[in-house]
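So the chains spell out like this:
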Amino acid sequence: MTYSGAVKVGGPADVHELPDLMISKVAVGSMNNNAYLLRCRDTGEQLLIDAAAEPETLLTLIGADGIKSVVTTHQHGDHWQALAQVVEVTGARTYAGRFDAEGIPVPTDVPVEDGDTIQVGHVSLTARHLVGHTPGSIALVYDDPHGHPHVFTGDCLFPGGVGNTWKDPEAFASLIDDVETKIFGALPDETWVYPGHGNDTTLGAERPHLPEWRERGW
């Protein structure tokens, strides 16, 4: 089956099969949050990005192999509603951006800085600190050695724009600067984007619109 990234709450996961990594995307909760389960093909080790809601759904997705770690992309409550239950059942180590950790009610075992590496088996993910949607939002970049990069952007980048900055000009300037520099400036057009809500996109599809995003201010 060809991966599309189009999922809906109550529906099945969509699985993106890469040579070294399997990415399973599922939608959960009343705010249509995306959660992503990453599995290293070589070791079977698993990592969850955003235990957003519906712990039963996430634990079923995780399965009997469990997870070694769970990354929370930022401190907003819709991204950690199931975190306590998932950690209790799996014993997973928790990761979050250093400047958002205090806003997450489940203790963060590993505060993440810009440029830090998070492992899932033999696969490495690089954290990028993106300021504006929250003080400590992080994106995770997987630079696939067999193809193009993949980036999990939380609520910092979506099809059609950057994340919500609530009409705060300073927050918007910070977020679009970080997204333009650390994501668009560092990664090619083929990069696949996995956002915190809704459908996936690519940097190539969004790059031509950066000037209009800046002009409109959101």
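Preceding block: the structure.
The structure presented is a predicted model; accordingly, all values stated were derived computationally and were not measured.

Quick notes on the layout of surface pockets
Quantified by volume, the largest pocket comes out at close to 150 Å³. For the largest pocket, the full set of lining residues is Phe158, Val162, Gly163, Asn164, Thr165, Trp166, Lys167, Arg216, Gly217 and Trp218. Broken down by class, the residue content of the lining of the largest pocket amounts to 4 nonpolar, 4 polar and 2 charged.

Here's the deal with the pairing of strand E8 (residues 117-120)
The alternating pattern of E8 places Ile118 and Val120 on a buried face and Thr117 and Gln119 on a face that is not buried. Both E8 and strand E9 (residues 123-129) contribute to a ladder of 4 bridges, which runs antiparallel. The residue of E9 that forms the bridge with Val120 is Val123.

Some thoughts on the sheet that holds strand E2 (residues 21-28)
Across the sheet, which stays open at both edges, the 7 strands sit in the order E1-E2-E3-E4-E5-E6-E7 with mixed pairing between neighbours. Two strands in the sheet have a free side with no partner beyond their single neighbour: strand E1 (14-17) and strand E7 (110-112). Looking at each pair of strands side by side, their axes are set apart by 20 degrees on average, direction ignored. Sheet analysis places strand E4 (residues 46-49) next to strand E5 (residues 69-72), joined by 3 bridges and oriented parallel. The residue bridging Ile49 from the neighbouring strand is Val71, located in E5. Contacting E2, strand E3 (33-40) and E4, helix H1 (residues 55-62) runs over the sheet at an angle of about 160 degrees to E2.

Things to note about the packing of H1 against helix H2 (residues 83-90)
Here H1 crosses H2 at 40 degrees, and the two axes come no closer than 9 Å. Judged on the interaxial angle alone, H2 and H1 are oblique. You can see that H1 and H2 cross each other, and the crossing is right-handed. Across the interface between the two elements, Pro55, Leu58, Leu59 and Ile62 of H1 pack against Gln85, Val86, Val89 and Thr90 of H2.

Details of the packing of aromatic side chains
Counted under the stated rule, the structure contains 7 aromatic pairs. Ring geometry for Tyr36 versus Phe152: centroids 5.3 Å apart, planes at 65 degrees, classification edge-to-face. Here Phe152 lies in strand E11 (residues 149-154) and Tyr36 lies in strand E3, a separation of 116 residues in the sequence. This pair shows no difference in class: Tyr36 is buried, exactly as Phe152 is. Considering the side-chain rings of Phe184 and Trp213, the 6.4 Å spacing of their centres and the 70 degrees angle between planes classify their relative orientation as edge-to-face. A residue pair is termed long-range when its members are at least 10 positions apart, and Phe184 in helix H3 (residues 169-184) and Trp213 in helix H5 (residues 210-216) qualify at 29 residues.

Cut-offs applied
Along each chain, numbering runs from 1 in the same order as the chain's sequence is written. With pLDDT at 70 or above as the cut-off, local features in this predicted model cover only qualifying residues; side-chain atom pairs require 80 or more to be listed or tallied, and sums for whole chains, interfaces and linings still use all residues. Side-chain numbers come from the whole structure's heavy atoms, not from hydrogens or water. Think of a 1 Å grid over the protein atoms and nothing else: a 1.4 Å probe that fits but is trapped marks a cavity, an open set flanked by protein within 12 Å on at least five of seven lines marks a pocket, and residues with an atom within 4 Å of a point count as lining. Grid points are joined across faces, edges and corners, and a volume is the space filled by probe spheres set on the points. Here the nonpolar group is Ala, Val, Leu, Ile, Met, Phe, Trp, Tyr, Cys and Pro; Asp, Glu, Lys and Arg are the charged ones; every other residue, Gly included, is treated as polar. Each residue gets one of three labels from its accessible area relative to the maximum for its type: buried under 20%, exposed over 50%, partly exposed in between, using a 1.4 Å probe on protein chains only. Secondary structure elements are taken from DSSP: a helix is a run of H or I of four residues or more, a strand is a run of E of two residues or more, and numbering for both begins at the N terminus. Strand pairing is assigned whenever DSSP identifies at least 2 bridges connecting the two strands. Fitting a line to C-alpha atoms yields each axis, with helices limited to the stretch in contact; the angle taken between N-to-C directions then spans 0 to 180 degrees. Contacts are assigned to residue pairs that have any heavy atoms within 4.5 Å of one another. Here roughly perpendicular refers to angles of 65 to 115 degrees, roughly parallel to angles under 35, roughly antiparallel to angles over 145, and oblique to all remaining angles. In this scheme the handedness of a crossing depends on how the near helix is turned from the far one: anticlockwise by less than a right angle means left-handed, clockwise means right-handed. Any pair of Phe, Tyr and Trp rings, taking the six-membered ring for Trp, is counted once the centres come within 6.5 Å. Such a pair is stacked with planes under 30 degrees apart, edge-to-face with planes over 60 apart, and tilted for the rest.

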